[in-house]
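# Reading the structure
Letter by letter, the chains look like this.
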Amino acid sequence: MVRKSYTTDLTDMEWEILSPLIPPAKEGGHPRTTDMREICNAIYYHLKTGCQWNMLPGDFPPSSTVYSYYRKWQRKGVWEKLNHTLRGQVRAKLGKSTQPSAIAADSQSVKTAGKKGDVYGFDGAKKVKGRKRQTIVDSQGLLLKVIVSEGNAPERVLAAYALMELLEERPELLEKVEVLWVDSGYDGDKFALCVWLMIQAHVEVIRRTEQEWKVLPKRWVVERTFGWLNQYRRLSKDYEHLSEMSEVAIYAVMTHIMLRRLVV
C-alpha cells in the first residue's frame, strides 16, 4: 500500500544524493528490513512540523524505530558529517571552493519549553529565558558549526570555543579563511587576537551606522541562516532535554535545506 505523500518527503533525486551517505547496516546478523528512505522522511516531517515523536503519522515506521536511528546517528556524528558533505556539494554547484575564505558568526537566543537541566539561562540583552545557539557559517550561510549553550553564556567565548572545536574536527575547512564577520557583540581586541592565533584570520565587525533598520549584506549572511532554521517548527523553541539533541536538530534541518538546493 502506497502511503500519503508529505511535502517534506525526499524526492527521487534527493534520495539519490542522500542514500550513499546513509550508514550501512552492520555486517552479520539479520539483514536490515527498515526502509531508510522512510526513516529520513519521518525525521524531516518531525523537524518541519514540530510534532512529538510519538505523534508521527501512522503511515511512517514506528516512532521508536525512527527516533532510534535519529539518536544513534547523533551519537556517531552522522548528521554533522552529512552536513559537511552536502555543504561541499552545494558550494561546488555554485562554483565555489569547498574551503571558504570568509565566515560569519552570530548567536540566536531561543526560549525553551520549560527549564532544561543545567543548559538553561537568561539572556539579559535579548530578554530571553532559555538557550543560545552559537553558529558559524560560510559566506553562503551554510552551517560549519553550532554549539547550544545556556542563554547567559558570553558570545565571544562561545564563538572562540566553536572555532576551536571546528579546528580540531575539520581543520581543512579553515585553512583558507581570511575574515570572520561579526556584529558589535563580538567586538574586542582579545577576541580578535584569539581568532588570529587560531586561524590567522582578521575579525571584521559590521556595525550599524544608521538609526533606521537596513540590511547589511555581510551581517545578513548568518541572520538569513537563522531565518531558514525558523521555518522548521521544531526549532521555533528549544524542545530538547539534551543540548546535544538541540545541536543535531539544526544539523539535520540544514541537510534537508541543502538537499532541496542541490536538485533545484
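Here is a short report on the structure shown in this document.

Cut-offs and rules
- The residue count restarts for each chain, going from 1 along the sequence in the order it is written.
- In keeping with the model being predicted, local features are shown solely for residues with a pLDDT of at least 70 and side-chain atom pairs are shown and tallied solely at 80 or more, while totals for entire chains, interfaces and linings include all residues.
- Values reported for side chains reflect all heavy atoms of the structure, with hydrogen atoms and water molecules removed beforehand.
- In this scheme, a residue with accessible area under 20% of its type's maximum is buried, one over 50% is exposed, and one in between is partly exposed, where area comes from a 1.4 Å probe on protein chains only.
- The helix and strand labels rest on DSSP assignments: H or I over at least four residues marks a helix, E over at least two residues marks a strand, and numbering proceeds from the N terminus.
- Whether two strands pair comes down to DSSP finding at least two bridges between them.
- Here the term right-handed applies to a crossover when the path leading from its first strand over the helix to its second strand runs clockwise, the strands being oriented away from the viewer.
- Fitted lines through C-alpha atoms serve as axes, helices being fitted only where they are in contact, and the angles separating the N-to-C directions of these axes extend from 0 to 180 degrees.
- Angle categories: roughly parallel below 35 degrees, roughly antiparallel above 145, roughly perpendicular from 65 to 115, and oblique for all the rest.
- Between two residues, a contact is recorded if the distance between any of their heavy atoms is within 4.5 Å.
- Residue type decides the class: Asp, Glu, Lys and Arg count as charged, Ala, Val, Leu, Ile, Met, Phe, Trp, Tyr, Cys and Pro as nonpolar, and the leftover types, Gly among them, as polar.
- Nine residue types can take part in a nonpolar core, namely buried Ala, Val, Leu, Ile, Met, Phe, Trp, Tyr and Cys, and a core is a set of them joined through side-chain atoms within 4.5 Å.
- Within this analysis, patches are made of residues with over 30% relative accessible area and no salt bridge. Like charges are joined at 9 Å or less; nonpolar side chains (Val, Leu, Ile, Met, Phe, Trp, Tyr) at 5 Å or less.
- For accessible areas, the Shrake-Rupley method is used with a probe of radius 1.4 Å. Any residue's cover is judged against the shown protein chains and nothing else.
- A pairing counts as a salt bridge when a side-chain nitrogen of Lys or Arg comes within 4 Å of a carboxyl oxygen of Asp or Glu.
- Here a polar contact means two N or O atoms within 3.5 Å. Within protein one must be a hydrogen donor candidate and the other an acceptor candidate, and residues neighboring in sequence count only if both atoms are side-chain atoms.
- Between 30 and 60 degrees the pair is tilted, below 30 it is stacked and above 60 it is edge-to-face, where a pair is any two Phe, Tyr or Trp rings, Trp via its six-membered ring, whose centres lie within 6.5 Å.
- Both a distance and an angle decide whether a charge sits over a ring: NZ of Lys or CZ of Arg must be within 6 Å of the ring centre and within 35 degrees of the ring normal.

### Focus: the pairing of strand β5 (residues 179–182)
Of the two faces of β5, the one carrying Val179 and Trp181 and the one carrying Leu180 and Val182 are both buried. Direction of pairing for strand β1 (residues 102–111) relative to β5: parallel, over a ladder of three bridges. Bridge pairing in β5 places alanine 102 opposite valine 179. Both β5 and strand β6 (residues 202–205) contribute to a ladder of four bridges, which runs parallel. Of the residues in β6, the one forming a bridge with leucine 180 is valine 203. In this region the chain leaves β5, passes through helix α6 (residues 189–199) and returns to the parallel neighbour β6; the handedness of that crossover is right-handed.

### Here we look at the packing of helix α5 (residues 155–169) against α6
At their nearest, the axes of α5 and α6 sit 11 Å apart, and the two run at 0° to each other. The angle between α5 and α6 falls in the class roughly parallel. Residues Arg156, Ala159, Ala160, Leu163, Met164 and Leu167 of α5 pack against Phe191, Cys194, Val195, Met198 and Ile199 of α6. Split by residue class, the contact of α5 with α6 holds 10 nonpolar, no polar and one charged.

### Quick word on the side chain of glutamate 38
Along the polypeptide, glutamate 38 turns up in helix α2 (residues 36–49). Discounting chain neighbours no more than four positions away, the residues touching glutamate 38 are Arg3, Asp59, Phe60 and Pro61.

### Digging into the nonpolar core
Ranked by size, the top nonpolar core spans 54 residues in total, and within it Leu18, Ile43, Leu47, Tyr70, Trp73 and Trp79 carry the most contacts. Of all the elements, helix α8 (residues 243–263) adds the most residues to this core, at 12 residues. If we skip the residues at most four places from it in the chain, tyrosine 70 touches Ile43, Leu47, Trp53, Trp79, Met245, Val248, Ala249 and Ala252. One finds Leu173, Val182, Met198 and Ala201 within the second-largest nonpolar core, a separate group that totals 22 residues.

### With respect to a nonpolar patch on the surface
Together, Leu193, Trp196 and Leu197 make up a nonpolar patch on the protein surface, roughly 350 Å² of accessible area in all. The exposed category is assigned to leucine 197, whose relative accessible area is 60%.

### A short note on the environment of serine 139
Residue placement: serine 139 occurs in the loop between β3 (128–138) and β4 (143–150). C-alpha separation for the pair serine 139 and isoleucine 103, spaced 36 residues apart in sequence, amounts to 5.5 Å. With residues near it in sequence (within four places) discarded, serine 139 still touches Arg91, Ala102, Trp181, Val221 and Arg224. A distance of 3.5 Å separates polar atoms of two side chains, one belonging to serine 139 and the other to glutamine 140.

### With respect to the packing of aromatic side chains
What the rule picks out here adds up to 11 aromatic pairs. Each ring, one from tyrosine 67 and one from tyrosine 70, has its centre 6.4 Å from the other, and the planes form 45°; the classification is tilted. One end of the pair is tyrosine 67 and the other is tyrosine 70, both in helix α3 (residues 63–75) and three residues apart, which spans about a single turn. Residue tyrosine 70 is classed as buried on the basis of its relative accessible area, which comes to 1%. Between the aromatic rings of tyrosine 186 and phenylalanine 191, the centroid separation amounts to 5.9 Å while the plane-to-plane angle is 45°, which identifies the pairing as tilted. By relative accessible area, which is 0% here, tyrosine 186 ends up buried. Put simply, the rings of Tyr44, Trp53, Tyr67, Tyr69, Tyr70, Trp73 and Trp79 touch in pairs and so form one group of aromatic residues. In this structure, lysine 48 is placed above the aromatic ring of tyrosine 232, and the distance from its NZ or CZ to the ring centre is 4.5 Å.

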